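So you can see what is in the structure, the chains are spelled out below.
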Amino acid sequence: MTVQPPEPSPRPDPSGELRASHDDREAVVEQLRDAAAEGRIDLDELDSRLEQALTSKTHAELAVLTADLPRLNSPESRPPLVLKGGMFGASRGPGRWEVPGHVIAHGGVGGVRIDFTRVDCRLTEVAVEAYGETSGVTIVVPDGWAADTSGMDPGVGGLTDKTTPDRLPGTPLIRLTGSGGMAGVVIRHPKRRERRKLHSNPPQG
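What you see is a predicted model, and the numbers here were worked out from it, not measured in a lab.

Here we look at helix α2 (residues 43-55)
Then, in step 1: With 13 residues, α2 extends 19 Å from end C-alpha to end C-alpha; this agrees with the ideal 18 Å at 1.5 Å per step.
Then, in step 2: For α2, the elements touching its buried residues are α1 (22-37) and α3 (59-66).
Then, in step 3: The N-terminus of α2 is capped by Asp42, whose side-chain oxygen sits 3.2 Å from the backbone nitrogen of Asp44.

Section: the packing of α1 against α2
Then, in step 1: As a packed pair, α1 and α2 sit with axes 9 Å apart at the nearest point and diverge in direction by 175°. Between α1 and α2, the angle is such that the two are roughly antiparallel. Residue-level contacts link Arg25, Val28, Val29, Leu32, Arg33 and Ala36 of α1 to Leu46, Arg49, Leu50, Ala53 and Leu54 of α2.
Then, in step 2: Of the residues assigned to the contact of α1 with α2, the class counts are eight nonpolar, no polar and three charged.

Re the nonpolar core
Then, in step 1: Counting 24 residues, the largest nonpolar core has Ile114, Phe116, Val126, Val128, Ile139, Ile174 and Leu176 as the members making the most contacts within it.
Then, in step 2: Where this core is concerned, the elements lending two or more residues are β1 (81-84), β3 (102-106), β4 (112-115), β5 (125-131), β6 (137-140), β9 (173-179) and β10 (185-188).
Then, in step 3: It is β5 that provides the largest number of residues to this core, a total of three residues.
Then, in step 4: In this view, Ile139 contacts Ile114, Phe116, Val128, Ala130, Leu176, Val185, Val186, Ile187 and Arg188; residues no more than four positions away in its chain are not counted.
Then, in step 5: Of all hydrophobic cores here, the second largest spans 13 residues; its members include Ala20, Val28, Leu50 and Leu69.

Procedures and definitions
Residues numbered from 1 in each chain as written. Predicted model: local features only at pLDDT ≥ 70, side-chain atom pairs only at ≥ 80, totals over all residues. Heavy atoms only, no water. Helix = DSSP H or I, 4+ residues; strand = E, 2+ residues; numbered from the N terminus. Expected span 1.5 Å × (residues − 1). Contact = heavy atoms within 4.5 Å. Polar contact = N/O pair within 3.5 Å; in protein donor to acceptor, adjacent residues only side chain to side chain. Axes fitted to C-alpha atoms, helices over the stretch in contact; angles between N-to-C directions. Parallel < 35°, antiparallel > 145°, perpendicular 65-115°, else oblique. Nonpolar A, V, L, I, M, F, W, Y, C, P; charged D, E, K, R; others polar. Core = buried A, V, L, I, M, F, W, Y, C linked by side-chain atoms within 4.5 Å. Buried < 20%, exposed > 50% of the residue type's maximum accessible area, 1.4 Å probe, protein only.

In structure tokens:
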């Protein structure tokens, strides 16, 4: 009978095995306290994780304590972007802008336009709440982005979805909810004239 040699154990992650400093532990403590204040973890979890954070010796031990929490200053942890059409309308884009994980648009009397064509968005999903109200909401997404509009109430004004279902790898899904209101909500890719402007003046990295 041949005895098989034991399989070699996986090599540890060098970055995770680095020793944690007082500042590293304090940063995790602050993140845990913020998470408790936001209702992401309860007080019992907070006490338990704080105790572990203060006694952790490596980055790997600290990482476990925040693995299920949004990263600090990440798009997911930013507050929603709220756009209100008001009397004169509101827009975001087509220039470069920081895309949070949640966008809320109220068409109001002036209408709202949201243009994602020049953004660099690394999120897997962006939740967009659109309320057409009196003048409507228009959402423009780049070719290759897809939209899920199944949670949208068309209202009186309706929902016009002119996006294609072909989603390119690494692009976010726009998950659209809300109501069409009186004027409706439109989500689409760039029109021919808009494409020409993009090609003549492409987004800068």
